[in-house]
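Residue-level listing of the chains:
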Amino acid sequence: MIGPQKLYDLLSNLGIKFDYIEHPPTPTIEDARLYWTALDGKHCKNIFLRNHKGNKHYLVLLDCDQSIDMHDLEHRLHEGKLSFASEARMDKYLGLRPGSVSPFGLINDEAHEVIVFIDDKLQNADRLAFHPLDNRATLSILRTDLIRFIEHLGNTYTWKELY
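These lines cover the structure that appears in this document, whether it is placed above or below. (Residues numbered from 1 in each chain as written. Predicted model: local features only at pLDDT ≥ 70, side-chain atom pairs only at ≥ 80, totals over all residues. Heavy atoms only, no water.)

**Let's talk about the environment of Gln 5**
Then comes step 1: Residue placement: Gln 5 occurs in helix H1 (residues 5-13).
Then comes step 2: Note: C-alpha distance between Gln 5 and Tyr 157 (152 residues apart in sequence) is 25 Å. (Helix = DSSP H or I, 4+ residues; strand = E, 2+ residues; numbered from the N terminus.)

**Let's talk about the pattern of salt bridges**
Then comes step 1: Inspection of the entire model under this criterion finds eleven salt bridges.
Then comes step 2: Note that Lys 121 is salt-bridged to Asp 120, the shortest N-O span being 3.9 Å.
Then comes step 3: Here Lys 121 falls in the partly exposed class, since its relative accessible area comes to 33%.
Then comes step 4: Measuring nitrogen to oxygen at the nearest pair gives 2.8 Å for the salt bridge that ties Arg 136 to Asp 134.
Then comes step 5: For Asp 134, a relative accessible area of 12% puts it in the buried group. (Salt bridge = Lys/Arg side-chain N within 4 Å of Asp/Glu carboxyl O. Buried < 20%, exposed > 50% of the residue type's maximum accessible area, 1.4 Å probe, protein only.)

**Structural notes on the nonpolar core**
Then comes step 1: Counting residues in each nonpolar core, the largest one holds 34 residues, and the members touching the most others are Leu 7, Phe 48, Leu 61, Phe 104, Leu 106 and Phe 149.
Then comes step 2: Those elements giving two or more residues to this core turn out to be H1, strand S2 (42-51), strand S3 (57-63), helix H4 (87-94), strand S5 (114-119), strand S6 (127-130), strand S7 (137-142) and helix H5 (143-153).
Then comes step 3: Here this core gets five residues from one element, more than from any other, and that element is H5.
Then comes step 4: In this structure Leu 7 touches Phe 104, Ile 107, Pro 132, Leu 133, Leu 139 and Phe 149, once residues within four positions along its chain are discounted.
Then comes step 5: Listed in part, the eleven residues of the second largest apolar core include Ile 47, Tyr 58, Val 60 and Phe 117. (Core = buried A, V, L, I, M, F, W, Y, C linked by side-chain atoms within 4.5 Å. Contact = heavy atoms within 4.5 Å.)

Below is the structure:
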């Protein structure tokens, strides 16, 4: 399977079952749509942000069909001015490269510094789909298992209306 073994080991240890597909690299949602028909679940857009001072980092999860207005998001999150985190920050905090952002990257955030915001509309989905830290595959897990995964890792998360 594509992706780090430590991710699959943790999912197994937590009893999290998943559906899995491999596909060519899909750095954008438009690319990935070609392959998603083979996988059940709500596919998510995952955005890694930082605050203006660069001392707080956020992972924002929302429906892949939704666009986000950064100014509106700043008002909804009440975290000040936000911007996309650099590739270096993405690697440092999540061990990820652009095009592979996923909540599974929280396994690399040993200090639990990344705060997760999940759009409240995703509570209506039974299953959610993400890359396993590599954009050549996609996993679909139960929404409740995503929360169990985040809680196990110790990151702070909040369900929030994001648009």
